Amino acid sequence: MMHSRTVQIWVGLFVIAGLAALLMLSMKVSNISTFTETEGYEVTAHFENIGGLKVRSPVTMAGVVVGRVANIGFDKESYEAVVTLNIQNEYDNIPADTSASIFTAGLLGEQYIGLEAGGAEEVLTAGSELELTQSAIVLEQIIGQFLVSQADKE
Amino acid sequence: MLDALQRLGATALGVAERMGRGHLFLLHVLGGFPALLPRFGMVVKQMYSVGVLSLVIIAVSGLFVGMVLGLQGYNTLVDFGATESLGVMVALSLVRELGPVVAGLLFAGRAGSALTAEIGLMKATEQLSAMEMMAVDPLHRVVAPRFLAGILSMPLLAAIFSALGVVGGYFVAVGLLGVDDGAFWSQMQAKVDLHEDVFNGVIKSVVFGFVVTWIAVFEGYDTVPTSEGVSRATTNTVVHGSLAVLGLDFVLTALMFGK
Amino acid sequence: MSQTDKPTAEPLVRIRDLVYSRGERRIFDGIDIDIQRGKLTAIMGPSGTGKTTLLRLIGGQLRPDSGTVWVDGESVPQLNYRQLYELRKRMGMLFQNGALLTDLNVFDNVAFPLREHTRLNEALIRDLVLMKLQAVGLRGARDLMPSELSGGMARRVALARAIALDPMMIMYDEPFTGQDPISMGVLVTLLRTLTDALGLTSVMVSHDVQESLSIADYVYVISEGRVVEDGTPDTLRASTSPWVQQFLQGLSDGPVPFHFPAADYAEDLLGKTVESSR
Ligand SMILES: Nc1ncnc2c1ncn2[C@@H]1O[C@H](COP(=O)(O)OP(=O)(O)OP(=O)(O)O)[C@@H](O)[C@H]1O
Ligand SMILES: [Mg+2]
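Report follows, based on the coordinates.

Definitions and cut-offs
- The residue count restarts for each chain, going from 1 along the sequence in the order it is written.
- Each chain takes a letter, starting from A, and each ligand takes a number, starting from 1, following the order in which they are written.
- Residues qualify for local features only when their pLDDT is at least 70, as the model is predicted, and side-chain atom pairs are given and counted only at 80 or more; totals for whole chains, interfaces and linings, by contrast, use all residues.
- The side-chain values count all of the structure's non-hydrogen atoms but skip hydrogen atoms and water molecules.
- Helix numbers and strand numbers start at the N terminus; a helix is a DSSP run of H or I with at least 4 residues, a strand a run of E with at least 2.
- In what follows, residue pairs with any heavy atoms lying within 4.5 Å of each other are defined as contacts.
- Joining through side-chain atoms within 4.5 Å is the link that ties buried Ala, Val, Leu, Ile, Met, Phe, Trp, Tyr and Cys residues into a set, and such a set is a nonpolar core.
- Residue burial is assigned from relative accessible area. The probe radius is 1.4 Å, only protein chains are included, and a residue is buried under 20% of its type maximum, exposed over 50%, and partly exposed in between.
- The length a helix should cover is 1.5 Å for every residue beyond the first.
- For this description, a residue counts as near a given molecule or strand if any of its non-hydrogen atoms is within 4 Å of it.
- We call two N or O atoms a polar contact when they sit within 3.5 Å, provided that within protein one can donate a hydrogen and the other can accept it, with sequence-adjacent residues counted only if both atoms are side-chain atoms.
- The accessible surface values rely on the Shrake-Rupley method and a 1.4 Å probe; as for residues, cover is taken only from the protein chains in view.
- Lys, Arg, Asp and Glu make up the charged group, whereas Ala, Val, Leu, Ile, Met, Phe, Trp, Tyr, Cys and Pro make up the nonpolar group; the residues left over, Gly among them, are polar.
- We define a salt bridge as a side-chain nitrogen of Lys or Arg found within 4 Å of a carboxyl oxygen belonging to Asp or Glu.
- To pair, rings of Phe, Tyr and Trp, with the six-membered ring standing in for Trp, must have centres within 6.5 Å; the planes then decide the type, stacked if under 30 degrees apart, edge-to-face if over 60, and tilted in the middle.
- To sit over a ring, a charge needs its Lys NZ or Arg CZ within 6 Å of the ring centre and within 35 degrees of the ring normal.

Some words on the side chain of Thr213 of chain B
Working step 1: If you trace the backbone, Thr213 of chain B turns up in helix α8 (residues 194-221).
Working step 2: With residues near it in sequence (within four places) discarded, Thr213 of chain B still touches Phe107, Leu115, Arg146, Phe147, Gly150 and Ile151 of chain B.

What follows is the structure in structure tokens.
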């Protein structure tokens with residue numbers, strides 16, 4: 001039979017290895033900082049069609065993630081989607097006339113919101129609304145239009 | 001016809017009766033947990049046989065599963081020019097599904113069967129009976145520490161499996177196939193969510209550990225005390241434990257990621 | 001005898017009208033047994049009559065179908081979990097095959113009940129364990145694992161374990177089987193000494209007629225679910241019952257069935273029985 005001290009050392013090593021693995025999964029594999037990202041200010045934007053945008057999809061500016069989609073709702077009067085964006089506090093000088101578009105990462109990738117800075121003096125603050133928006137490109141629509149135009153030509 | 005119906009009824013009753021006993025058994029064993037705290041050495045000893053002795057098979061499997069995921073994923077992604085996403089693919093597959101599930105299956109085969117055989121043999125050789133007569137409750141003294149050790153070990157084993165799997169995927173992707181080192185990790189970090197993916201994976205492994213260990217110790221305790229009975233109980237643990245892992249994985253996945 | 005002593009007429013174990021069946025087979029069909037305090041009572045009977053089962057009924061591991069089992073004034077089948085475990089702390093039992101804990105060595109096996117039920121320090125436990133091992137002649141084997149013991153040695157270790165807590169009553173299931181003449185002699189003396197010196201109540205199940213009759217204070221002979229004879233060894237020897245005489249003398253011819261209940265032998269061989277005529 002094994003000495004109980006050896007057993008204890010082995011179990012200690014096992015627990016350390018397991019915790020190290022958990023630490024690696026949370027620090028190196030996923031991003032632990034996403035947890036603190038909730039501190040930010042919220043702005044809204046109306047889109048005609050958001051395609052496959054999801055809550056927590058990234059909001060980028062010049063390709064840099066500056067925030068995440070916090071909420072997606074529906075405006076009963078205008079029949080448009082209302083998207084709430086959560087922008088991190090450190091990006092506090094985004095012009096008020098900035099435009100928002102929904103892009104797709106790669107051909108079939110996930111969708112995200114890209115912001116393009118405008119030229120206004122005022123900046124976005126909590127509760128502002130982004131006026132200039134461009135909807136998602138829905139692949140089926142484009143293909144549909146393409147087919148219709150082909151049919152028209154004949 | 002009536003015969004078949006009767007047999008079906010009898011089987012159903014038998015299963016229900018066994019389930020009932022299994023739950024009473026669970027309650028009784030859980031009642032022994034508080035008494036384990038001052039004698040945690042017993043749990044540590046069991047974590048050695050349940051956890052440490054499963055380490056090699058878990059580590060090797062994790063590494064190889066990760067490497068295979070890297071190879072296969074590369075072949076698919078290279079057609080779309082999206083090989084940078086290899087890290088994401090490997091990590092998500094492991095953390096969400098393969099880590100807990102494959103570790104759970106291996107755990108049922110390696111640790112679960114050993115637990116069943118050990119407890120079953122203790123029953124067959126009247127050791128459990130002798131303990132009862134010494135006024136020591138075998139459910140508290142024998143089963144409870146093993147049960148707790150299983151519950152504690154399984155999440156650690158699953159985490160080790162996933163972590164080594166990612167390392168294996170990294171070796172293949174970056175080392176062999178020339179995927180960009182930075183892209184591998186940064187894409188992975190951007191897309192793998194701590195809460196949604198990692199935590200949910202850990203929850204899965206906790207559930208699997210609980211259920212597999214429960215099945216294993218109950219099968220052992222409920223063994224028909226003969227060599228044949230022990231061998232059948234051991235087989236039952238592996239089969240039922242594996243089926244439970246797969247079935248529960250489906251349910252948990254639907255609950256966690258099905259929105 | 002001082003006045004504070006409990007009346008000796010009150011037996012430690014009192015069994016009345018006990019009925020117990022395993023499936024279809026009725027193992028006990030209404031037996032009455034009294035085990036007197038401070039005495040060594042032997043229970044004898046052919047193999048398979050239910051002697052081990054009787055000990056398990058006394059220890060509360062089995063429940064009778066009907067009838068009562070009283071141990072030290074408590075009705076065993078009606079005790080709740082806690083009361084039953086409290087009662088068992090005062091009982092020791094030597095299992096027929098030893099039933100040592102296979103993951104502990106000899107020393108730890110004997111120390112097991114002490115460690116579970118007392119808060120004694122290790123030095124004291126060591127002394128107690130070595131004393132008990134010395135009594136069964138196995139002090140030198142303390143570091144062996146149960147798998148390294150012979151059957152007879154294992155049983156002696158189990159005996160040391162059963163007496164570790166100095167219980168009020170010990171039940172020995174076949175203590176002499178597998179012992180050579182010398183250790184048999186030692187065990188016989190040990191059982192007697194334990195009973196006399198410590199005032200233990202002992203119940204011994206055995207086939208060994210001569211040893212049992214030589215050390216027991218009182219003997220029950222059971223067969224086919226009933227007590228066929230009881231009394232002191234002398235009354236038994238003097239018994240005129242052909243049954244008892246056959247059993248005591250080990251004759252194969254007589255009223256005691258050597259065979260498990262079965263159909264007629266000749267008919268069985270000729271395939272005429274109900275079972276095989278299907
Ligand atoms: N688990 C069980 N299931 C069904 N029947 C059993 C079981 N255990 C014992 N029996 C039956 O009960 C009867 C009594 O068994 P027990 O072990 O008490 O006999 P015994 O008198 O101790 O015999 P021996 O002297 O050979 O040890 C046996 O005939 C056996 O067929
Ligand atoms: Mg017996």
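Points about the nonpolar core
Looking at soluble globular proteins, one finds that nonpolar side chains tend to be buried together.
Working step 1: Among the nonpolar cores identified, the biggest contains 78 residues, and Phe14 and Val29 of chain A together with Phe25, Val29, Phe33 and Met188 of chain B are the most heavily contacted of them.
Working step 2: The leading source of residues in this core is helix α6 (residues 138-176) of chain B, at 19 residues.
Working step 3: Setting aside residues up to four positions removed in sequence, Val29 of chain B forms contacts with Leu139, Val143, Ala144 and Phe147 of chain B.
Working step 4: Formed by 48 residues, the second largest nonpolar core is a distinct cluster that contains Phe107, Leu149, Tyr172 and Leu190 of chain C.

Points about helix α1 (residues 2-31) of chain B
Residues and elements named next belong to chain B.
Working step 1: For α1, with 30 residues, the first-to-last C-alpha span of 43 Å sits near the 44 Å given by 1.5 Å per residue.
Working step 2: All of the buried residues in α1 are Gly22, Phe25, Leu26 and Val29.
Working step 3: If you follow the buried residues of α1, they end up packed against α6 and α8.

Concerning the site of ligand 1
Residues and elements named next belong to chain C.
Working step 1: The local shell around ligand 1 holds 14 residues, among which Ser47, Lys51, Thr52, Thr53 and Gln96 are the closest.
Working step 2: Between ligand 1 and Glu174 there is a distance of 3.3 Å, counted from an oxygen atom to a side-chain nitrogen or oxygen.
Working step 3: Notes on ligand 1: free accessible area 630 Å², of which the protein chains cover 64%.
Working step 4: Going through the elements one at a time, β2 (25-35) and α1 (51-58) are the ones with two or more residues in the shell around ligand 1.
Working step 5: With three residues, α1 is the largest single contributor of residues to the shell around ligand 1.
Working step 6: Its residues assigned to classes, the shell around ligand 1 comprises two nonpolar, eight polar and four charged.

With respect to the pattern of salt bridges
Pairing is possible between side chains that carry opposite charge, provided their charged atoms lie close to one another.
Working step 1: Enumeration according to the criterion identifies 25 salt bridges over all chains in this entry.
Working step 2: Across the pair Asp29 of chain C and Arg226 of chain C runs a salt bridge whose closest N-O atoms are separated by 3.8 Å. Remark: Arg226 of chain C occurs in strand β10 (residues 226-231) and Asp29 of chain C occurs in strand β2; sequence separation between them is 197 residues.
Working step 3: The residue Lys89 of chain C makes a salt bridge to Glu86 of chain C at a minimum N-O spacing of 3.1 Å. With a gap of three residues between them, Lys89 of chain C and Glu86 of chain C both fall in helix α2 (residues 81-89), about one helical turn apart.
Working step 4: One network of salt bridges, in which partners are shared, links Glu17, Arg18, Arg21, Glu219 and Asp222 of chain B.

Focus on the packing of aromatic side chains
Working step 1: Counted under the stated rule, the structure contains 12 aromatic pairs over all chains.
Working step 2: Geometrically, the ring pair formed by Tyr170 of chain B and Phe184 of chain B is edge-to-face, given 5.5 Å between the ring centres and 70° between the ring planes. One end of the pair, Tyr170 of chain B, is in helix α6; the other, Phe184 of chain B, is in helix α7 (residues 181-191), and 14 residues separate them in sequence.
Working step 3: The interplanar angle of 65° and the centroid separation of 6.2 Å between the aromatic rings of Phe210 of chain B and Trp214 of chain B together place this pair among those described as edge-to-face. One end of the pair is Phe210 of chain B and the other is Trp214 of chain B, both in helix α8 and four residues apart, which spans about a single turn.
Working step 4: Cluster of aromatic residues (ring-pair linked, three or more members): Phe33, Phe147, Phe210 and Trp214 of chain B.
Working step 5: Sitting above the plane of the Trp185 of chain B ring, Lys28 of chain A keeps its charged end 4.6 Å from the centroid.
Working step 6: Against the face of Tyr85 of chain C rests Arg88 of chain C, its NZ or CZ located 5.2 Å from the ring centre.

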